[in-house]
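Here are the chains, one letter per residue:
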Amino acid sequence: KARLWVEGLLREADRRLDGALHVPASARGVDRTWLPAGVVPVVGARDQSEGGLGVLEFSHSSRSLGSPFADRPPTDASNAGSVETIDRAIALACEPLSEFLPESLQPHAGLRLEGEPSGDSLALPAALGALLWLFDCPWPEDLVATGGLSTNPVGFSPAVPDTLPAKARAARRWGFRRI
């Protein structure tokens, strides 16, 4: 594993130096492929045994930050609770910016996730992803996100400890090492 890790580092350095190191391409397929900008990998769990990986895909809505955030109907009944949690978290994160950036378009996040996670595990990734999207910053490429954000009262909510092993297994299946 250490040799593959060093090989990956050398190939990345060679790529950044426009091939100046002349590192040959690997035939073992150890290079990772990264998600495009505007995509936030998330992990949630329904219970202590089953975790699922998904993505939030950010785009701009047609409404400005100065406009009230509107509730949107879920497109899939299986993730209605998650969509509501995501929308509340994005509105909460963007509310302070509406005064300073009233003409900027509101972020919108589409969710691709198998099943419905329990709790508010997608709220914190949605809020952080929305802020990064507004300022055109990419999500860290090797990080999968989970975490709660309570809207009443406003604050972080801890992850349910029983779900952490299931989330870690789901993230590991897809090659993520940081949650």
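Rules behind the numbers
Residues numbered from 1 in each chain as written. Predicted model: local features only at pLDDT ≥ 70, side-chain atom pairs only at ≥ 80, totals over all residues. Heavy atoms only, no water. Helix = DSSP H or I, 4+ residues; strand = E, 2+ residues; numbered from the N terminus. Contact = heavy atoms within 4.5 Å. Core = buried A, V, L, I, M, F, W, Y, C linked by side-chain atoms within 4.5 Å. Buried < 20%, exposed > 50% of the residue type's maximum accessible area, 1.4 Å probe, protein only. Arc of directions from axis to C-beta.

Peer 1: Would you mind showing me how to read the side chain of Thr85 here?
Peer 2: Among the secondary structure elements, Thr85 is positioned in helix H2 (residues 80-94). If we ignore the near neighbours within four places in the chain, the residues touching Thr85 are Asp120 and Ala123.

Peer 1: What exactly am I supposed to notice about the nonpolar core here?
Peer 2: In globular proteins that are soluble, nonpolar side chains generally tend to be buried together. Within the largest apolar cluster, 24 residues are counted, with the highest numbers of intra-cluster contacts made by Leu56, Phe58, Ile86 and Ile90. When residues of this core are traced back to their parent elements, those giving at least two are strand E1 (39-45), strand E2 (51-64), H2, strand E3 (105-113) and helix H3 (123-134). Membership of the second largest hydrophobic core comes to five residues, among which are Val144, Ala170, Ala171 and Phe176.

Peer 1: How should I be thinking about helix H4 (residues 164-173) in this particular structure?
Peer 2: Side chains three or four residues apart in an α-helix point the same way, a direct result of the helix having 3.6 residues per turn. Those residues of H4 that sit buried are Ala166, Lys167, Ala170 and Ala171. For H4, the buried positions fall inside an angular range of 135 degrees around the axis, keeping them on one side. Lining the buried residues of H4 we find E1 and E2. With its phi angle positive at about 90 degrees, Gly175 sits one or two positions after the end of H4.

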